[in-house]
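# Notes for the structure review
Chain residues, written in single-letter form:
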Amino acid sequence: SQELEQSPQSLIVQEGKNLTINCTSSKTLYGLYWYKQKYGEGLIFLMMLQKGGEEKSHEKITAKLDEKKQQSSLHITASQPSHAGIYLCGAVYSSASKIIFGSGTRLSIRP
Amino acid sequence: DTAVSQTPKYLVTQMGNDKSIKCEQNLGHDTMYWYKQDSKKFLKIMFSYNNKELIINETVPNRFSPKSPDKAHLNLHINSLELGDSAVYFCASSQEMGNSPLHFGNGTRLTVT
């Protein structure tokens with residue numbers, strides 16, 4: 001089994017609805033990154049979380065890291081078509097180590 | 001201005017050929033990477049260089065050879081291409097491994113026929 005699991009694998013949401021994507025690690029995280037990927041493009045950095053209980057927001061997207069630093073959630077409020085894409089979480093387990101990515105969540109927004 | 005640029009965007013070639021993908025970053029970052037994304041969108045690190053020195057070399061076939069002529073460039077050369085090499089290859093850079101975010105290029109879609 002993988003050390004980093006993302007759920008759900010795919011998600012179809014009505015425009016205007018809220019949604020949550022989860023990222024769970026089997027080990028304590030040093031840091032957690034959230035990225036978004038649109039088809040045919042590279043990954044766009046959204047947010048980085050390092051402290052237990054930390055929460056960050058950018059426009060309508062909020063990311064949280066739990067106190068134990070093993071789980072993160074990405075919440076989108078009032079979803080829009082521009083939010084469609086693949087969301088990936090990336091885990092770092094120690095300083096100066098590589099980022100290991102989850103399998104991604106494919107988000108579609110239904111008009 | 002493009003921060004991380006890689007060329008070509010698309011590469012279609014036959015089995016057994018040798019091909020190269022180029023990557024350049026103008027962010028002044030010290031660390032550069034190559035990632036491979038398979039058909040299921042799973043993204044896996046292949047190599048990482050810090051200031052022209054190889055620091056990460058995952059379990060990648062010897063047919064893949066990265067080259068970093070300077071810290072702004074990291075090229076990927078692939079010998080004797082196989083069908084299983086078909087994927088999207090992403091170049092990325094960061095200021096510091098683990099403590100700063102990766103900045104990705106737009107990817108090179110490699111198709112081996």
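Before going into details, it helps to say that this report is about the structure given with it. Worth saying up front: this structure is predicted, and the values here are computed from it rather than measured.

## Considerations on the pattern of salt bridges
- Counted by the stated rule, this structure contains seven salt bridges over all chains.
- Between A:Glu3 and A:Lys27 there is a salt bridge; the shortest N-O distance is 3.3 Å. Of this pair, A:Glu3 sits in the segment before β1 (4-7) while A:Lys27 sits in the loop between β3 (19-25) and β4 (31-37), and the two are 24 residues apart along the sequence.
- Looking at A:Glu3, the relative accessible area reads 26%, which means it is partly exposed.
- Here B:Arg63 and B:Glu82 are joined by a salt bridge, their closest N and O atoms 3.5 Å apart. One end of the pair, B:Arg63, is in the loop between β6 (53-57) and β7 (64-70); the other, B:Glu82, is in the loop between β8 (73-78) and β9 (87-94), and 19 residues separate them in sequence.
- According to the relative accessible area criterion, B:Arg63 is buried, its value standing at 16%.
- If you follow the salt bridges from partner to partner, you end up with B:Arg63, B:Glu82 and B:Asp85 in one network.

What counts as what
- Residue positions are given per chain, counting from 1 as you read along its sequence in written order.
- Labels are handed out in written order, letters beginning with A for the chains and numbers beginning with 1 for the ligands.
- Thresholds applied to this predicted model are a pLDDT of at least 70 for local features of residues and 80 or more for the giving and counting of side-chain atom pairs; totals over whole chains, interfaces and linings are not thresholded and use all residues.
- Side-chain calculation: all heavy atoms of the structure are included, whereas hydrogens and water are not.
- In what follows, salt bridge is the name for a side-chain nitrogen of Lys or Arg lying within 4 Å of a carboxyl oxygen of Asp or Glu.
- A run of H or I in DSSP counts as a helix once it spans at least four residues, and a run of E counts as a strand once it spans at least two, with each numbered from the N terminus.
- We call a residue buried when its accessible area falls under 20% of the maximum for its residue type, exposed when it is over 50%, and partly exposed in between, using a 1.4 Å probe and counting protein chains only.

Limitation: the analysis is restricted to geometry and does not speak to function.
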